[in-house]
Structure formats: C-alpha cells, structure tokens
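# Results of the structural survey
Chain by chain, the residues run as shown.
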Amino acid sequence: MASGRVDPERRERIIAAALDLIAEEGVAGTSHRKVAARAGVPLGSMTYHFQGMDELLREAFTSFSAAMVALFESRLGAAGSADEAREAVADLIHHLSGGDERQLVLTHELYTLAARQPAFRELTREWMHSSRRALERHFDPSTARQLDALIEGLSMHRALDTEPHDRALTVDAIARITAAGPQSTP
C-alpha cells in the first residue's frame, strides 16, 4: 500500500516556479534546487517529474508560449471584421509592451535559448505558426507573417525604448501592412 500525500498539481507548481525564477534571475540563474524551493516541493520531485533542466525549461516555455497564443487567439477571435482585427493587433502590441516586465523577460529568455538550441527554436517556430494562424483568420498568410513580425518588433521597441511611441504610430504601421496585400475577412 502506497503512503504519502498525493499532490496532483505539483508538476504545474514546479513549472510556474521555474517561469517565475527565469523571469527574476534568467535561465542561467535557474536551478533545480531553486525551483524546488520556490515551488515548495522536495528536491527529489524535480527528477521525478523532469528528466533534467532542459526538459523543465521546455515544459516551462511551452506553457508560457501557450499562454501567449491564447492571448492572440482571444484578441483576434473576438474580431468580426478586418477593421476590428487591425484594432486587435494594435491592442496586442500595446498590451504586450504595456509594462509586464515578466512577460518581456520570458520572451527574451526563450529567444536566447532558441538562438542556441534547436529544441527551443522549434518551440518558437510553433509559437509563430500558431500566432500566424490566429492572424490568418482575418488576413492572407503573407500579411499575417508581416503582422506577426510587427507585433514582436513593435512590442519589444515600445517596451525597451525610454520614450515608447504612441498608438497612432502602431495603427499607421498596421494600416500600411494590411493595405499592401489581399486580405480575407472571417
């Protein structure tokens, strides 16, 4: 007969703790011991749930990218026309750059890993593909690709610049990209 406490949410707590630590200390400052302490679990739980740090990082960044995709889908899914989709894109850019430093740091940490390790590069490709699919509900694939790059670039620029641009510049950039090619509406 097994004894001990059942903790069905332990794995999710570990993943959440890993993301919190990555946001605070970067991937380089994240260790099994720190994650276990943050999650309030025994150190042995780390090796029970994850084969190593790479698996934990992949799971953590998969969770993070899924949340970002859900944000895209929620914002763009509510749009009923191309004009509403353009507004949703502007809203996304300003939301993503609106001061959530945790989200910004996690995105950059993932991009850094992706630049060095193919497994994380594949994760970012899946994220981009999902983001584009959400955009393609309203725009042709070429325009969706351009908008996805615009969202990433303007979000980073707005978040990192000492004097971020206002919404009018964002709306103008979206209008220029979406006016250039054929578009479909839902």
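### Considerations on the layout of surface pockets
Volume-wise, the largest pocket comes out at about 150 Å³. Taken together, Tyr-111, Ala-114, Thr-124, Trp-127, Met-128, Arg-132, Arg-145, Asp-148, Ala-149 and Glu-152 make up the full set of residues lining the largest pocket. Breaking the lining of the largest pocket down by element, the ones donating at least two residues are helix 6 (101–116), helix 7 (118–135) and helix 8 (141–160).

### Describing the packing of aromatic side chains
Inspection of the entire model under this criterion finds three aromatic pairs. Seen in terms of ring centroids, Phe-64 and Trp-127 are 5.8 Å apart; in terms of plane orientation they differ by 85°. Their pairing is edge-to-face. With a gap of 63 residues between them, Phe-64 in helix 4 (residues 53–77) and Trp-127 in helix 7 connect regions that are remote in the sequence. Owing to a relative accessible area of 6%, Phe-64 belongs among the buried residues under this scheme. Taken together, the ring pairs in this structure connect Phe-64, Tyr-111 and Trp-127 into an aromatic cluster.

### Topic: the environment of Leu-160
Relative to the assigned elements, Leu-160 resides in helix 8. Look at Leu-160 and you get exposed, because its relative accessible area is 55%. Through-space distance from the C-alpha of Leu-160 to that of Glu-101 is 9.8 Å; in sequence the pair is 59 residues apart. Beyond its immediate stretch of four places on either side in the chain, Leu-160 contacts Leu-104 and His-108.

### Comments concerning empty space enclosed by the protein
All told, the structure shown has one cavity of 30 Å³ or more when counted by the stated rule. One number sums up the size of the largest cavity: a volume of about 120 Å³. Contributing to the lining of the largest cavity are Met-68, Phe-72, Leu-96, Gln-103, Leu-104, Thr-107, Tyr-111, Trp-127, Glu-152, Ser-155 and Met-156. Of all the elements in the fold, those that place two or more residues in the lining of the largest cavity are helix 4, helix 6 and helix 8.

### So, the pattern of salt bridges
Opposite charge on two side chains lets them pair, provided their charged atoms get close. Applying the stated criterion across every chain yields a total of ten salt bridges. Asp-20 is paired through a salt bridge with Arg-102; the nearest N and O atoms lie 2.9 Å apart. One end of the pair, Asp-20, is in helix 1 (residues 10–25); the other, Arg-102, is in helix 6, and 82 residues separate them in sequence. Accessibility expressed as a relative area gives 28% for Asp-20, which makes it partly exposed. Take Arg-102: its relative accessible area is 37%, and that puts it in the partly exposed class.

### Re the packing of helix 4 against helix 6
It is at 11 Å that the axes of helix 4 and helix 6 come closest, and there the two elements cross at 125°. Judged on the interaxial angle alone, helix 6 and helix 4 are oblique. In this structure, helix 4 meets helix 6 at a crossing whose hand is left-handed. Across from Leu-57, Phe-61, Phe-64 and Met-68 in helix 4, the residues of helix 6 making contact are Gln-103, Leu-106, Thr-107, Glu-109, Leu-110 and Leu-113. For the contact of helix 4 with helix 6, the class distribution of residues is seven nonpolar, two polar and one charged.

### Details of the packing of helix 4 against helix 7
Where helix 4 contacts helix 7, the axes come no closer than 9 Å and their chain directions differ by 10°. The angle between the axes of helix 4 and helix 7 places the two elements in the roughly parallel class. Residues Asp-54, Leu-57, Arg-58, Phe-61, Thr-62, Phe-64, Ser-65, Met-68, Val-69, Phe-72, Glu-73 and Leu-76 of helix 4 lie in contact with helix 7, whose contacting residues are Ala-119, Phe-120, Leu-123, Trp-127, Ser-130, Ser-131, Ala-134 and Leu-135. Residues of the contact of helix 4 with helix 7, tallied by class, amount to 13 nonpolar, four polar and three charged.

Parameters at a glance
Residues numbered from 1 in each chain as written. Predicted model: local features only at pLDDT ≥ 70, side-chain atom pairs only at ≥ 80, totals over all residues. Heavy atoms only, no water. 1 Å grid on protein atoms, 1.4 Å probe; cavity = no way out; pocket = protein on both sides within 12 Å on 5 of 7 lines; lining within 4 Å. Points joined across faces, edges and corners; volume = space filled by probe spheres on them. Helix = DSSP H or I, 4+ residues; strand = E, 2+ residues; numbered from the N terminus. Phe/Tyr/Trp six-rings, centres within 6.5 Å; stacked < 30°, edge-to-face > 60°. Buried < 20%, exposed > 50% of the residue type's maximum accessible area, 1.4 Å probe, protein only. Contact = heavy atoms within 4.5 Å. Salt bridge = Lys/Arg side-chain N within 4 Å of Asp/Glu carboxyl O. Axes fitted to C-alpha atoms, helices over the stretch in contact; angles between N-to-C directions. Parallel < 35°, antiparallel > 145°, perpendicular 65-115°, else oblique. Left-handed = near helix turned anticlockwise from the far one by under 90°. Nonpolar A, V, L, I, M, F, W, Y, C, P; charged D, E, K, R; others polar.

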